[in-house]
Amino acid sequence: DVILKNPESLKKNRLLVLDVYTSCVANAGTDANVKISLYEKQDDQTEILFYYQELDNSENNFEKGKVDTFVAKIDSDIADISKVKIKHDGTGAASMWHLKKIVVTDVVTEKAWLFCADCWVRGGNEIILSQEKGHCFVVDVYTGNESGAGTDANVEISITGTEDCIPLKKLD
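Residues numbered from 1 in each chain as written. Predicted model: local features only at pLDDT ≥ 70, side-chain atom pairs only at ≥ 80, totals over all residues. Heavy atoms only, no water.

Engineer: Mind showing me how you'd approach a nonpolar patch on the surface here?
Structural biologist: A contiguous nonpolar patch, built from L15, V71 and V107 and spanning about 240 Å² of accessible area, is present on the exposed surface. Positionally, L15 belongs in strand β1 (residues 14-22). According to the relative accessible area criterion, L15 is partly exposed, its value standing at 35%. (Patch = residues over 30% accessible without salt bridge, like charges linked within 9 Å, V, L, I, M, F, W, Y side chains within 5 Å. Areas by Shrake-Rupley, 256 points an atom, 1.4 Å probe, with all protein chains shown as cover. Salt bridge = Lys/Arg side-chain N within 4 Å of Asp/Glu carboxyl O. Helix = DSSP H or I, 4+ residues; strand = E, 2+ residues; numbered from the N terminus. Buried < 20%, exposed > 50% of the residue type's maximum accessible area, 1.4 Å probe, protein only.)

Engineer: For this particular structure, what's the right way to read the pairing of strand β3 (residues 47-55)?
Structural biologist: Consecutive side chains of a regular strand alternate in pointing toward one face of the sheet and then the other. Strand direction decides the pairing type here: strand β2 (residues 34-41) and β3, joined by 8 bridges, are antiparallel. Across the sheet, the residue bridging to K35 is E54, located in β3. Taken together, β2 and the strand that follows it, β3, pair antiparallel across an intervening segment of 5 residues. (Pairing = 2+ DSSP bridges.)

Engineer: What's the story with the sheet that holds strand β5 (residues 81-88) in this structure? I'm lost.
Structural biologist: Adjacent strands of a sheet pair through backbone hydrogen bonds, lying either parallel or antiparallel. As summarised here, the arrangement of the 4 strands in space is β3-β2-β5-β8, forming an open sheet in which the pairing is antiparallel. The open sheet is flanked by β3 and β8 (126-130), the only strands paired with a single partner. Each strand axis lies, on average, 20° off the axis of its neighbour in the sheet, ignoring direction. (Axes fitted to C-alpha atoms, helices over the stretch in contact; angles between N-to-C directions.)

Engineer: Where do I start with the packing of aromatic side chains in this structure?
Structural biologist: To describe a pair of aromatic rings, you give the distance between the ring centres and the angle between the ring planes. Counting across every chain of the model gives 2 aromatic pairs. In this structure an aromatic cluster arises from ring pairing among F62, F70 and W97. Over the ring of Y21 we find K101, and its NZ or CZ is 4.5 Å from the ring centre. (Phe/Tyr/Trp six-rings, centres within 6.5 Å; stacked < 30°, edge-to-face > 60°. Lys NZ or Arg CZ within 6 Å of the ring centre and 35° of its normal.)

Okay, here's the thing in structure tokens:
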């Protein structure tokens, strides 16, 4: 068993795992240098920037259909991540980038925040991802293992809630 002398110290030395998903659309990847900013909401009027960093590791990052993982070390307690800003410098032969989503996970609390993008990021432009804008759903589709259970047909989904309806969307 591990006994922590000061469990409060875990709140001040956090590790966040940043999973950055590049879309599978044609020419989605980029060779540009990507930077990310994470914000925490303090009250109804105030958001505080608590992390800003260029995303780089030993991999060939931000390629079509790839998930790139980064670790952010922060020295403050965070309650909730309210917003993510992401941008790149437009360098490289293929600088346009189609970002699918970003998932931020706190290693200590195991809380995760999902920020959906599904858009092109142009060099020099910054996109802001907020959990308050739009809708993002994770849909897992499982095909049975019985003979003939699969299909080559286009499959669509429509999600209806109490406040609005999200129109049919092709699953791919």
